[in-house]
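So the chains spell out like this:
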Amino acid sequence: MSTAVGRATELASIGEFIDSIDSGPAVLVLEGEPGIGKTTLLQAGVDQADQRGFQVLSCHPSAAEATLSFAALADLLADVTPTLLESLPEPQRQAIDVVLLRASVGSPVLDQRVIGAALLSVLERLAEQTPVLLAIDDLHWLDESSAAVIEFATRRLSSRVAVLAAVRGEESDLATPMFRLPAPLRHQRLPVGPVSLGALHALLRARLGRSFSRPAIVRIEQVSGGNPFYALELARNTDSSGSLPRALPGTLAQLVRARIDGSTAEVRRALLAVAALANPTVEIVQATLDIDAAQVERLLTEAEAADLIRITGHRIGFAHPLLAAGVYTDATPADRRAMHRRLAEVLTEPEVRARHLALAAIRLDEGTVAALDDAARRARARGATTAAAELLELAIGLGADTPERRNSLAQQYFDAGDPARARKLLEQNVTGEVAGPIRAESQLLLATVRLHDDDYLQAADYLDKALAEAGDDRSLRVRILVTLSYVLVNLGRIPDAVKLTANMIADSTHLDDTELVALAEANAAMVRFLGGAGVERAALERILRLPDPTTPTPVMLRPSLIGGMLLAWTGDLDAALDRMLAVRRRCIEWGEESDLMFCAFQTVIFQCWRGNLADARLLAEDTMERATQLGTDIPLAIALATQANVAAYTGQPEQTREAATAALTIFQRGSCLAVTVWPLITIGFLEVSLADCAAAVAAIGPLADAASAMGYGEPMAAPFAADAAEALIGTGQLAQATALVDQLEVNGRRLDRAWALAVGARCRGLLLAAQGDLDGAVHALEQALDHHRRLSMPVEVARTQLAVGQLQRRRRQKRASADALSDAVRLFTEVGAAQWAARATAELDRAVVTPGQGTALTPSEQRVAELAATGRTNREVAAALFISPKTVEANLARVYHKLGIRSRAELGRRMAPAAAPVEDRETPDS
């Protein structure tokens, strides 16, 4: 149909939708039964977008294309300029070249995510110049590989890109998950219903060139239900007078069949070839039918004259998709198999040929199965994991159901984002009669699936069993050992993980696979480091040079990320951040968003340590946006944890507690102990900044014993130790604090960790001060400042300066106290640590002596009164201010005298407006 007759309302809605594209991403899905006119309306939208100067990318998938990998995506990208494609990041450019069949698959093997990232980059770059319309007809026939890529891209849209799609009404639910935009209200559905009697008459007159009597039009409208295509087919059955025959087909399918049956057997065979081809051309049809050019031209011209097909150049398409479906389904099964067999002889592209071979087969055939296996490997290498799974399913359907093929099929389903189907296949292998390395492979894959579900305990069980089954297959053993060591670390079983590293390295030395050897070396080094073995500089330099695997590998196992974490934990934060940002760039370019979450989490921590709080905040915001797009719990929990960390450093107590608690709630549903630690660490850090030592002890006090029990020997792997020690000192638990401080200092000296030595000395100073040894405390804090000079951690330096200032004021060294506190205020303010800056400022105010006026409280008295009014005991107030209980009593006595009160209750009422500690105040921009 060339015009949308009788569709004024629908056209107006489409026009409003096109006009709205400037407001950001939007989706409009046209829904209706076959033949109702969805394609005509979609084309009207395309025409409107063209008239407004928009960039339009369109595809019109067919039933024959639904099984091909990236067929629709190739159509969408057909009109994108080579210049734009060349400007994409290298992995994305290579992916597009492979998808468009302009290059063969090289190394690395493509991941479907990089293709999605490439499409997203194309859309965003086009949208920088003009709004973009993505037009997809017959969404229900979109090949699954293209659908996955389009879904990846559209969920992440932020620019002027809109999607206009048409789908059968019964298939409309397909559009909901595919086009889940960040703003749900921008996803609209437009039902396309029947047209009016008058519109039908105008349509038939325009298309068929003749008028019909009113009784005939009424009858056509009644039978067709106002469906334009059905009405047109009915109208073709009328005689020259415009009268309908008495007997009419009861359904549109019957009508289509009757129309096809009106063609000769030769024409129907030519039409069957067209229907079975994904991209039919005159040349392919001629070769398939094995006839000369004149004969194929005669047959195709006859079909075109009957308005069954349209020929554009040398390409052939059906006049309506229902005709293609009718031709294919109306052919006998034997005729269909014969046609597919002939197409397998004519076509040479491996994936296409293998599908035709499978559709032609009725029994197990080794050649066909081999072709399907080869095609599946090629599809997987192109990133078409869903297509690879379909090809393997075809082989299994022909009787080639083997444990090895089920393993391969499960891997494809898992990579395609369907872990449930992968798990079902693998459990068949694990519980079946298969044994040895094949079952070990199944157990390794099943462990990976369980890790995806955050079930580390079951993953560890499967990996233990896999290791016992692997036998002498060293490559398989190394892969199992690498994964198992990672799982054990996250379960808090560091000594057990360390024990695996010797075999991991021993087995890897016999391999020719340099990437797997690098994976083993990097992960063994990390596990041993966490266990307290440290890492020599030469070994670290070697790890930094190790290559990442070219096959999809979780980012936490890659040498690139492990090297970045080791740099940070050994004190080289600047180099670590450079490396982590490079890893982040790689994840973005390859579309590895789940890996990006883990990378972002670690990078935010390092940025906060480095004092780059503005960068950390931006990264946390980006992480939350990506987690929202992913829509699953673990990414959300990671994003919440990053937000909490930044909020704690920038001094936002309520935001910190809310985000950390939400993250902890999600993490505790799983069995990964390692991740549950971080929200608690963040809360502990916050409470220490608020001088609420009791709350800090409650949050992180138990972690110290837990870290020791887990076997952590690396001080940087337990960054909460210093906060826990300070909180314990503040609550008077000096014995427990002493054990932590001793451990920090011993491990700091043993491994030469500047951070552990600096914060250990600071905590030693606080401990000595609490014991009354002020001179020893000063000496310890001076040592802490010496160690800080080896680090780039301004917040930690400022915290030590704060402790120095408090101690010097206690020693009545007013000038020295003011100098140290001024330095602390400056450092905290420079990095944006508002809560710490407020606390240091309050201490500085008390250090500066001003003459009292009448009964006005001095800054010191004010501070003691504020803390006492919150319900703290004298000992708790003393601990918070690093002074003795006797000094608190003396200050309170003066406060009571000046205010004319006699009890804590009266003090609480008098101090009510200022009862909240000064640390709870937030700066305007926090």
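Refer to the preceding data block for the structure.
Residues numbered from 1 in each chain as written. Predicted model: local features only at pLDDT ≥ 70, side-chain atom pairs only at ≥ 80, totals over all residues. Heavy atoms only, no water.

A. Just the pattern of salt bridges, in detail. Scanning all chains against the criterion turns up 61 salt bridges. Of the charged contacts, one joins R160 and D22 as a salt bridge, the two residues approaching to 3.2 Å between their closest N and O atoms. One end of the pair, R160, is in the loop between α7 (144–154) and β4 (161–168); the other, D22, is in the loop between α1 (8–19) and β1 (26–32), and 138 residues separate them in sequence. A salt bridge links E726 to R799; its shortest N-O distance comes to 3.0 Å. Taken as a pair, E726 in helix α37 (residues 721–730) and R799 in helix α41 (residues 794–810) lie far apart in primary sequence, 73 residues in all. Residue E726 is classed as buried on the basis of its relative accessible area of 7%. (Salt bridge = Lys/Arg side-chain N within 4 Å of Asp/Glu carboxyl O. Helix = DSSP H or I, 4+ residues; strand = E, 2+ residues; numbered from the N terminus. Buried < 20%, exposed > 50% of the residue type's maximum accessible area, 1.4 Å probe, protein only.)

B. Examining helix α14 (residues 282–289) more closely. Residues V285, T288 and L289 constitute the buried set of α14. Considered in projection along α14, the buried side chains sweep an arc of 90° and stay on one side of the axis. Turning to α14, the residues buried within the fold contact α13 (265–276), α15 (293–305), β7 (315–318) and α17 (333–346). Looking one or two residues past α14, D290 carries a phi angle of roughly 55°, positive in sign. (Arc of directions from axis to C-beta. Contact = heavy atoms within 4.5 Å.)

C. Seen up close, the packing of α13 against α15. At a minimum axis separation of 9 Å, α13 and α15 run at an interaxial angle of 90°. Accordingly, the angle class assigned to the pair α13 and α15 is roughly perpendicular. The segment α13 lies against α15, with E266, V267, A270 and L271 engaging R298, L299, E302 and A303. For the contact of α13 with α15, the class distribution of residues is five nonpolar, no polar and three charged. (Axes fitted to C-alpha atoms, helices over the stretch in contact; angles between N-to-C directions. Parallel < 35°, antiparallel > 145°, perpendicular 65-115°, else oblique. Nonpolar A, V, L, I, M, F, W, Y, C, P; charged D, E, K, R; others polar.)

D. Quick look at empty space enclosed by the protein. This structure, assessed with the given rule, holds eight cavities of 30 Å³ or more. The space that makes up the largest cavity amounts to roughly 170 Å³. Taken together, 16 residues make up the lining of the largest cavity; nearest its centre are W609, Y649, F685, P719 and D723. If you list the elements that add at least two residues to the lining of the largest cavity, you get α31 (593–610), α33 (633–650), α35 (673–689), α37, α39 (754–770) and α41. Considering each element in turn, the lining of the largest cavity owes the most residues, three residues, to α35. Here the lining of the largest cavity is built from residues that sort into 12 nonpolar, one polar and three charged. Along the wall of the second largest cavity there are 14 residues; nearest its centre are Y712, P715, A718, A721 and Q743. Mapped onto the lining of the second largest cavity, the elements with two or more residues apiece are α36 (693–710) and α38 (734–751). Of the residues forming the lining of the second largest cavity, the biggest block, four residues, is contributed by α38. (1 Å grid on protein atoms, 1.4 Å probe; cavity = no way out; pocket = protein on both sides within 12 Å on 5 of 7 lines; lining within 4 Å. Points joined across faces, edges and corners; volume = space filled by probe spheres on them.)

E. Structural detail: the nonpolar core. One finds F179, W569 and F606 to be the most contacted residues of the largest nonpolar core, which totals 238 residues. Residues contacting F606, with those up to four places away along its chain left out, are G564, M565, A568, W569, L573, L577 and M580. Core analysis: the second largest hydrophobic core is formed by 50 residues, A235, A278, L322 and L323 among them. (Core = buried A, V, L, I, M, F, W, Y, C linked by side-chain atoms within 4.5 Å.)

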